[in-house]
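Remarks on the overall topology
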Amino acid sequence: GEPWPARFAGYEVEIKMGLEPRIVPHVTSAAALYRWTALAAAGPFREDLMNASLDSEMNARLLRLGWRLRYAPGAIAWHRYKPTFGAYLRRVYAYARYRTATGGRCLYPADRWVAARLGWLAFLPVAAFLSSSAWGWGAILLGGAVLHVPVVLRSGRFYKDYAVALAAPFAGVVRDTVSLAGLLAGWIAPPDGKIGH
C-alpha cells in the first residue's frame, strides 16, 4: 500500500543486498542488530557524519576490531521509505554527498553495477557533444534506462508490481543523475556534518 517511490526504493535495497546469507562489509544500521560488546569496543557513532557514511564508518571500525557483519535475508525489518519522488531524490542526494566521507568503499555487492550506471551518466556530456541529434540523445538515455533492467525484472516478476517495473528505468536515470550530482558536490566541498538528515 505504499506509494510507488517507496516501493521502488525498497525493491532496490533488496536487490542490492541479494538473497544469500553471508558475511558482508556493510549493514544498514536502521535494520541491524549489533552486539553490545561490539559497540562498546568500537565506541560511539561519529556525530559529524550523516546518512550512509554514519553506519559505514562504524562498520569499518567494527571490521578493523575483528568483528563480522552477517547479512540474514530471512530477518525482516519494516522500514518506511520516502513517499514522494522529490523526497526520495533529496535523500539520494544527501546519501551520495556524504558517501564521499567513506573513501569510496563498495558497501554492497551491487555497488559495482551502480558505479557502471554513474559512469554512463558521467559520459553523457561527451556523448551529447558528439551527438547533436535527438536520436543520439534518445539512444544515450535509452542506454541509461537499460542499465536498470534488474529492478524492472525483479519488480515485475517477483513482486508483481508492474507500476514500479514501468517507472524504474526512467526513475532510475533521474535518481542516478541526482546521485552523481551529490557525489560531485561531496568531492568539491566535502561534508562538514552540518547538513540536515
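An account of the accompanying structure is given in this report. (Residues numbered from 1 in each chain as written. Predicted model: local features only at pLDDT ≥ 70, side-chain atom pairs only at ≥ 80, totals over all residues. Heavy atoms only, no water.)

Moving on to the overall build of the protein chain. In terms of regular secondary structure, the protein chain is built from eight helices and two strands. Ordered by position from the N terminus, the helices and strands of the protein chain form the series α-β-α-α-β-α-α-α-α-α. Here the protein chain holds 197 residues, and the buried ones make up 40% of them. Carbon and sulfur atoms make up 67% of the accessible area of the protein chain, which totals about 11800 Å². (Helix = DSSP H or I, 4+ residues; strand = E, 2+ residues; numbered from the N terminus. Buried < 20%, exposed > 50% of the residue type's maximum accessible area, 1.4 Å probe, protein only. Areas by Shrake-Rupley, 256 points an atom, 1.4 Å probe, with all protein chains shown as cover.)

In this model helix α1 (residues 4–17) runs 20 Å from its N-terminal to its C-terminal C-alpha over 14 residues, within 8% of the 20 Å that 1.5 Å per residue would give. Residues P5, A6, F8, A9, G10, Y11, E12 and M17 constitute the buried set of α1. A positive phi of about 90° marks G18, the residue just after α1. (Expected span 1.5 Å × (residues − 1).)

Two elements in contact, helix α4 (residues 85–99) and helix α8 (residues 162–188), have axes separated by 7 Å at closest approach and are oriented at 35°. α4 and α8 meet at a crossing whose hand is right-handed. Across from F85, Y88, L89, V92, Y93, A96, R97 and R99 in α4, the residues of α8 making contact are A171, V174, R175, V178, S179, A181, G182, L183, A185 and G186. (Axes fitted to C-alpha atoms, helices over the stretch in contact; angles between N-to-C directions. Left-handed = near helix turned anticlockwise from the far one by under 90°. Contact = heavy atoms within 4.5 Å.)

Take the pattern of salt bridges next. Any two side chains of opposite charge can pair, so long as their charged atoms come close to each other. Counting across every chain of the model gives five salt bridges. In this structure, D161 engages R7 in a salt bridge whose closest nitrogen and oxygen atoms are separated by 2.4 Å. Of this pair, D161 sits in the loop between α7 (149–158) and α8 while R7 sits in helix α1; the two residues are 154 residues apart in sequence, bridging distant segments of the chain. Within the structure, one salt-bridge network assembled from shared partners comprises E12, R175 and D176. (Salt bridge = Lys/Arg side-chain N within 4 Å of Asp/Glu carboxyl O.)

The subject of this paragraph is the packing of aromatic side chains. Counted according to the given criterion, the structure contains four aromatic pairs. Pairing F85 with Y88 gives two aromatic rings, centres 6.0 Å apart and planes at 25°, and the pair type is stacked. Taken as a pair, F85 and Y88 lie in helix α4 at a separation of three residues, close to a single helical turn. Classification of F85 as partly exposed rests on a relative accessible area of 22%. (Phe/Tyr/Trp six-rings, centres within 6.5 Å; stacked < 30°, edge-to-face > 60°.)

Quick look at the side chain of D161 now. Using a relative accessible area of 8% as the deciding quantity, one classes D161 as buried. A polar contact is formed between the side chain of D161 and the side chain of Y11, at a distance of 2.7 Å. Reaching out from D161, the side chain makes a polar contact with the backbone nitrogen of V164 at a distance of 3.3 Å. Ignoring sequence-local partners within four residues, the contact set of D161 consists of R7, Y11, S155 and G156. (Polar contact = N/O pair within 3.5 Å; in protein donor to acceptor, adjacent residues only side chain to side chain.)

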